Amino acid sequence: MSAVGTRPATEKPTAAPAARRPRRSLARALPVTPGVVLLLLFLAGPIGYCVYLAFTDLQLTGQAESSFIGLHNFTRAFGDKDFLNAVWLTLVFTVLSSLIGQNTLGLTLAALMQRASRPVRTLTGGIVVVAWVLPEVVAGFLLYAFFRREGTLNAVLDWLHLPAQNWLYTLPILAVSFANVWRGTAFSMLVYSAALNEIPKEITEAAEVDGASGRRRMWHITLPMIRRSIGTNLMLNTLQTLSVFGLIWVMTRGGPGNRSQTLPLYMYEQAFQNSMIGYATAVALLLLLVGSLFSLVYMRLLRTEV
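Residues numbered from 1 in each chain as written. Predicted model: local features only at pLDDT ≥ 70, side-chain atom pairs only at ≥ 80, totals over all residues. Heavy atoms only, no water.

A word on the packing of helix α4 (residues 81-115) against helix α15 (residues 277-303)
The contact between α4 and α15 brings their axes to 13 Å, and the two run at 35 degrees. Judged by the sense of rotation from one axis to the other, the crossing of α4 with α15 is right-handed. In this structure, α4 uses Phe83, Leu91 and Leu99 to contact α15, whose residues at the interface are Tyr279, Val283, Leu286, Phe294 and Tyr298. Classifying every residue of the contact of α4 with α15 gives 8 nonpolar, no polar and no charged. (Axes fitted to C-alpha atoms, helices over the stretch in contact; angles between N-to-C directions. Helix = DSSP H or I, 4+ residues; strand = E, 2+ residues; numbered from the N terminus. Left-handed = near helix turned anticlockwise from the far one by under 90°. Contact = heavy atoms within 4.5 Å. Nonpolar A, V, L, I, M, F, W, Y, C, P; charged D, E, K, R; others polar.)

Here we look at the side chain of Ser260
Locating Ser260 in the fold gives a position in the loop between α13 (246-251) and α14 (263-273). Take Ser260: its relative accessible area is 0%, and that puts it in the buried class. In terms of polar contacts, Ser260 uses its side chain to reach the side chain of Thr252, at 2.7 Å. At a separation of 2.7 Å, a polar atom in the side chain of Ser260 contacts the main-chain carbonyl oxygen of Gly255. Residues within four places of Ser260 in sequence aside, it is in contact with Leu89, Pro172, Ile173, Ile248, Thr252, Gly254, Gly255 and Leu265. (Buried < 20%, exposed > 50% of the residue type's maximum accessible area, 1.4 Å probe, protein only. Polar contact = N/O pair within 3.5 Å; in protein donor to acceptor, adjacent residues only side chain to side chain.)

Describing the nonpolar core
With 30 residues, the main nonpolar core has Phe83, Ile226, Tyr279 and Val283 as its most contacted residues. Among the secondary structure elements, those contributing two or more residues to this core are α3 (72-78), α4, α9 (172-197), α12 (227-242), α14 and α15. Setting aside residues up to four positions removed in sequence, Phe83 forms contacts with Ala77, Phe78, Leu263, Tyr266, Tyr279, Val283 and Leu286. Residues Leu89, Leu157, Leu168 and Ile173 belong to the second largest nonpolar core, which totals 19 residues. (Core = buried A, V, L, I, M, F, W, Y, C linked by side-chain atoms within 4.5 Å.)

Considering unusual backbone geometry
In this model, Gly255 is joined to Pro256 through a cis peptide bond whose omega is 0 degrees. Tracing the backbone shows Pro256 in the loop between α13 and α14. Phi is positive for His161, which is not a glycine, with a value near 60 degrees. By secondary structure assignment, the location of His161 is in the loop between α7 (152-159) and α8 (167-170).

A closer look at the packing of aromatic side chains
A full pass over the atoms with the stated rule returns 15 aromatic pairs. With 5.9 Å between their ring centres and 50 degrees between their planes, Trp132 and Phe187 make a pair best called tilted. Of this pair, Trp132 sits in helix α5 (residues 118-133) while Phe187 is found in helix α9, placing the two residues 55 residues apart along the sequence. Each ring, one from Phe146 and one from Phe147, has its centre 5.0 Å from the other, and the planes form 85 degrees; the classification is edge-to-face. On the accessibility criterion, Phe147 (6% relative accessible area) is buried. Through successive ring pairs, a cluster of aromatic residues spans Phe78, Phe83, Tyr266 and Tyr279. Against the face of Tyr279 rests Arg76, its NZ or CZ located 4.5 Å from the ring centre. Taking the ring centre of Tyr169 as reference, the NZ or CZ of Arg259 above it sits at 5.8 Å. (Phe/Tyr/Trp six-rings, centres within 6.5 Å; stacked < 30°, edge-to-face > 60°. Lys NZ or Arg CZ within 6 Å of the ring centre and 35° of its normal.)

In structure tokens form, the structure reads like this:
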């Protein structure tokens, strides 16, 4: 009798917490439910609809309804010389302005500002950040005025008795790449300034006492210690550069011809000038795939321990 009487007493304490667990999980999920619903409505929903459109022949004009055409838009893209040219120019623009330009110049400015006086740091940081906070269209007009035939650059070259040229016609992809470097370097500089401030001064001072030159300290000490910041900066800059539209549109509109037409401008042309929404959406998915490949490389770099 005593054993039977004590058995329910030992089961009640374990049954009560098990019954409360679903309620506790539900209560914890309630605060994030509105955010999840908004993400599904305004992020996952449009992306899913775009994926559907990429497999249709939807057009803006001259079509009553769209039909499913499978992979035709994708095969058409890889057979289009203009698309392949846009892919190549997008990679050139990204490598020149993001991987090399913004990343290298931002790190250089951050390293130089570590040794500069406070007034110099304030003045340099202010000038660089002003270029970053300018709207993209305003920055595009400023750089257009700088590179045009009668612009500031040619005026300076003429004052130095050097030959001038129409930069937006002869070297359009280099001109827009320089413009993107000018506008976006501030972000890299801020990221690397924060990373360099986290390096203990004792390490660099010990290396300097041991006779390590500035270049060796940068290569063997500074760069390995800010490796994660480099990976994060490269990933964010690359994804931002892949989607640049307004800056190039204001400066060259993808011209002359298609010599500065990157994938965002090619998509705009196909969607709103040629009215082929389905085809343009398929190109957008391919651009998303390119960005995902870059992100996977950088995420692998971030997972690597220093």
